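A look at the structure
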Protein chains: 2
Amino acid sequence: MEVVYRCSRCGFIAEASTWLWRCPRCGGPLDVNIKGLKLTLSERRDMWKFSSVIPAKPLASLGEGFTPLVRPGFLRGNTYMKLEYLNPTGSFKDRGSAVAVSKAVELGAKLVIEDSSGNAGISVAAYAAATGIRARIYVPRDAPEGKKSLIRSLGAELIEAPSRAEAGRMAIESLRDGEAYLGHTWNPWFLQGTKTMAYELLDQLGHVPDAVVLPVSAGTLLLGLWIGFNELRSIGLVSRVPRLYAVQPQGFASLYEKIHGSTAGEPTRIADALRVSNPPRLGQMVDAIIGSGGDALVMTDNEILDSWKTLLRKGFIIEPSSAIALSGYLRLLNGNYLSNDREAVIVLTGNGLKYIDTMGRI
Amino acid sequence: MEVVYRCSRCGFIAEASTWLWRCPRCGGPLDVNIKGLKLTLSERRDMWKFSSVIPAKPLASLGEGFTPLVRPGFLRGNTYMKLEYLNPTGSFKDRGSAVAVSKAVELGAKLVIEDSSGNAGISVAAYAAATGIRARIYVPRDAPEGKKSLIRSLGAELIEAPSRAEAGRMAIESLRDGEAYLGHTWNPWFLQGTKTMAYELLDQLGHVPDAVVLPVSAGTLLLGLWIGFNELRSIGLVSRVPRLYAVQPQGFASLYEKIHGSTAGEPTRIADALRVSNPPRLGQMVDAIIGSGGDALVMTDNEILDSWKTLLRKGFIIEPSSAIALSGYLRLLNGNYLSNDREAVIVLTGNGLKYIDTMGRI
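Residues numbered from 1 in each chain as written. Chains lettered and ligands numbered in written order. Predicted model: local features only at pLDDT ≥ 70, side-chain atom pairs only at ≥ 80, totals over all residues. Heavy atoms only, no water.

Some points on the environment of Glu84 of chain B
All names here are of chain B. Along the polypeptide, Glu84 turns up in the loop between β5 (79–83) and α1 (93–106). Each C-alpha atom, one on Glu84 and one on Met197, is 9.2 Å from the other, the two residues being 113 residues apart in sequence. Not counting the four nearest positions on each side in its chain, Glu84 is found in contact with Thr67, Ser91, Phe92, Arg95, Met197, Glu200, Val347, Leu348 and Thr349. For Glu84, the side chain forms a polar contact with the side chain of Thr67, separated by 2.6 Å. Within polar-contact distance, the side chain of Glu84 engages the side chain of Asn87 at 3.0 Å. (Helix = DSSP H or I, 4+ residues; strand = E, 2+ residues; numbered from the N terminus. Contact = heavy atoms within 4.5 Å. Polar contact = N/O pair within 3.5 Å; in protein donor to acceptor, adjacent residues only side chain to side chain.)

Some thoughts on the sheet that holds strand β12 (residues 295–299) of chain B
Residue and element names in this part refer to chain B. Pairing is mixed across the open sheet formed by six strands, whose spatial order is β4-β5-β13-β10-β11-β12. At either margin of the open sheet sits one strand with a lone partner, and together these are β4 (69–70) and β12. Here strand β10 (residues 211–215) pairs with strand β13 (residues 344–348) via three bridges, running parallel. Residue pairing for β13: Val213 is matched across the bridge by Ile346. The strands that helix α6 (residues 196–205) touches are β4, β5, β10 and β13; relative to β5, the one it contacts most, it runs at about 130°. (Pairing = 2+ DSSP bridges. Axes fitted to C-alpha atoms, helices over the stretch in contact; angles between N-to-C directions.)

So, the UniProt feature "domain: Tryptophan synthase beta chain-like PALP" (unreviewed entry) in chain A
As recorded in UniProt, the sites labelled "domain: Tryptophan synthase beta chain-like PALP" (unreviewed entry) are residues 61–350 of chain A. Segment residues 61–350 of chain A splits into 43% helix and 17% strand. End C-alpha atoms: 19 Å apart. (UniProt positions renumbered as here; feature names shortened; annotations may be inferred.)

As for the domain arrangement of chain A
Residues and elements named next belong to chain A. In terms of domain boundaries, chain A breaks down into domain 1 (1–36), domain 2 (69–92 + 190–359) and domain 3 (93–186). Computed from C-alpha coordinates alone, the two centres of domain 1 and domain 3 are separated by 22 Å. The partner domain 3 presents ten residues to the nine residues of domain 1 that form the contact. Both faces combined, the contact of domain 1 with domain 3 buries some 800 Å², and carbon together with sulfur accounts for 74% of it. Sorting the residues of domain 1 by area buried against domain 3 places Trp19, Trp21 and Pro29 first, and these three jointly supply 76% of that buried surface. At the junction of domain 1 with domain 3, the criterion picks out zero salt bridges. Across the domain 1-domain 3 interface, the total number found is one residue pair in polar contact (both at pLDDT 80 or more). Split by residue class, the side of domain 1 that touches domain 3 holds four nonpolar, four polar and one charged. (Domains from an automatic or database assignment. Buried area = accessible area lost by both parts, 1.4 Å probe. Salt bridge = Lys/Arg side-chain N within 4 Å of Asp/Glu carboxyl O. Nonpolar A, V, L, I, M, F, W, Y, C, P; charged D, E, K, R; others polar.)

What about the packing of helix α2 (residues 119–131) of chain A against helix α3 (residues 145–153) of chain A?
All names here are of chain A. Remark: α2 packs on α3, axes separated minimally by 9 Å, with the N-to-C direction vectors making an angle of 15°. As judged from the angle between their axes, α2 and α3 are roughly parallel. Crossing handedness for the pair α2 and α3: left-handed. Residues Asn119, Gly121, Ile122 and Ala125 of α2 pack against Lys147, Leu150 and Ile151 of α3. (Parallel < 35°, antiparallel > 145°, perpendicular 65-115°, else oblique. Left-handed = near helix turned anticlockwise from the far one by under 90°.)

As structure tokens, this is what we get:
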């Protein structure tokens, strides 16, 4: 497997043999490009079943990937839910962390640095623990207390920042020699992990669905799916890429606004996992939405809360930010943007067990 | 598939066409016996892959079973961990609830009643929600607040009792016509769900391990494994049953005491999920331990806490009660009860995300 970094903005190319987190020439986000991609399935039953297309060796496994795909009775018969919240640390982020942390260790890092609204920090802390390297995680002060405690319990150093944006700035400024900035919103290896969900959907369904509806903040899952489905098309295993529908909360809808113009309304108070204001890969995210024939949508907190309650009352223990995908799906269906005969997958991204101390208050 | 109830104490036999939770003749625990057991694997990727040996139809699926089996680098090469905490509601209980709740609905129940220290209550509440019937759950007042909140959020009625034992008594006394007492510590269908872990271990490993080390309170997992491995032997798919090692906390070690005599020491304050004092199936539990050539062990809270920290610092987010299995494994290894060339599976039963609000205090 021949692997190179490629800058999505200026076209810079370099061998992927050292750790880079952005383009050394223009500062833009880097991609990881694989030449001679070939899919052979391994015997493993986690996401490393697809290791032939993952440009990293798994240095530790916590059981990531191969999450259940269920067809719930309360939705149309051709609608599936992908239960990504059943990943090892409770979010889809584990796909990305497993690859990015393994790669950082492979390239010599002794410490990884991450900034996160919570879930990515937990995930990176866990995979750093599993591979035996140190982690320093920057989170906004108002991240859920439980998520902060968990990051510390996993052995990582936790640093609180005044805001989500400030957490990112502080993380990058803190970088010293020998430390790897993992920053999942920038990291090109992270997307090589999240792309496995596209392979997995094909493996589980036997085909690709017509549409995938998912929560989006910095776009790490959106771009992973876009990369994965396009790889599958380039290999010749599928003939088309599903429409990708990105669902965002009010106040943190930069993708929606880039496509449709600015929005008004109170910023979300409950979708805390989706609070990213200036995603570095915004341009690529727009390309994925337009290129797939999908769209971006914005939801109010009331809509998110309704979906959260609906899913809990059906036994699906997810976090509020994840419920936004069901809200988006219902909006698409009611507005006839998704016709009844189209097969859809709703991705539920984060585990509600992280919120049981606050559930009593809803 | 021909299915009958059979009383393990007096030999009473009845067709399994109505809901019974204990022997109507002597009050002993009932078993479910299957005649003409035959294993054919279905296409499903959850525990219903083994539906040919499960005497119930899945009326709802939340993605139960097929949890990861990992071989962590910090243990001997032939030691696996079975990550049962990645089940839909965060514990192995989902295997039992999926079968028992489905069966209750099939047999006409409109409401199920459960008593639990927390995890089984969450699980039954979720599967009742998924199948669309009501649930009433009795828990001890001092169960973790988060677990109680979650049971309510899943739409179940929660009733607090002065103690775990009192929760059981109140549940049984409350029973009215048309209501099904699910009580997992008694329920014979529940064991038909937990037994799938034996089938799954064979499926994942290609053989059965030499030993399985697991936390034990009311024995629902222990007995499920015992039933499952014996079925596999009766079908002729394996030639022996693994040694089953039951690990219990101080103060709630009735199985250990039945085999080895009474113990002293402060009752556990951290293994809250294992607090069952008089398990109705104690006699069967002893038979499973003796019959498999295994043993029962008792751990102190300090040992449990050490194992909990060890596992968290390796990235495994489990609840304290689950960590006891690692403590037991280490005791067996250090005491030369488990020789180095023996393959062992440590079962991690419950998800630590339910405890993140308390983690800051350890």
